[in-house]
Amino acid sequence: MKRGAQFSGLRGGGGVDQVNADKDREFYLKELASEECQCGCEKNKGRTFCFGCYRKLPREIQSRLYSKLGHGYEEARELAAGFLGD
Ligand SMILES: [Zn+2]
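Given the structure is predicted, the values throughout are model-derived calculations rather than measurements.

Thresholds applied
Residues numbered from 1 in each chain as written. Predicted model: local features only at pLDDT ≥ 70, side-chain atom pairs only at ≥ 80, totals over all residues. Helix = DSSP H or I, 4+ residues; strand = E, 2+ residues; numbered from the N terminus. Buried ≥ 20, exposed ≤ 12 C-beta atoms within 10 Å, placed from the backbone. Contact = placed C-beta atoms within 7 Å. Expected span 1.5 Å × (residues − 1). Arc of directions from axis to C-beta.

### A few points about the overall build of the protein
On a plain count of helices and strands, the protein comes out with four helices and zero strands. Looking at the protein residue by residue over its 86 residues, the buried ones come to 10%. In the protein, 42% of the contacts between residues at least 6 apart in sequence involve partners at least 24 apart.

This is the structure:
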């Protein structure tokens, strides 16, 4: 399964804010590319969490995790972290 290409190509702007945004972006991209969930379980690449963590989340957050980076993903990821005690 190859996913992830959809997460590239959102560059633009510049300055310090952009640098910070890129740093966060790298964190999220690495997380998505990883095969280990924050809980230590195995997960699929392209997914934020393993199935066990994912199903603990409210439906609204589950669906928002399908947003693209820069289009609501970051917010959904942070909300999810709050629920999972990350
Ligand atoms: Zn997990």
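Next comes the rest of the write-up.
### Looking at helix 4 (residues 73-84)
One turn of an α-helix holds 3.6 residues; hence residues three or four places apart share an orientation. The first and last C-alpha atoms of helix 4 sit 16 Å apart over 12 residues, in line with the 16 Å expected at 1.5 Å per residue. Within helix 4, the full set of buried residues consists of Ala76, Arg77 and Ala80. Seen along its axis, helix 4 keeps its buried residues to an arc of 100°; they face one direction. Turned more than 90 degrees from where helix 4 packs its buried face, Glu75, Glu78 and Gly82 sit exposed. Downstream of helix 4 by one or two residues, Gly85 has phi in the positive range, about 70°.

### Quick notes on the environment of Gly40
In this structure, Gly40 sits in the loop between helix 1 (15-33) and helix 2 (51-54). Its 7 C-beta neighbours within 10 Å are what place Gly40 among the exposed residues. For the pair Gly40 and Cys50, spaced 10 residues apart in sequence, the C-alpha separation works out to 9.0 Å.

### Comments concerning the environment of Arg77
For Arg77, the location among the structural elements is in helix 4. Since 22 C-beta atoms lie within 10 Å of it, Arg77 is described here as buried. Along the backbone, Arg77 and Tyr28 are 49 residues apart, and their C-alpha atoms lie at a distance of 8.7 Å. Those residues in contact with Arg77, other than ones at most four positions away along the chain, are Tyr28, Thr48 and Leu65.

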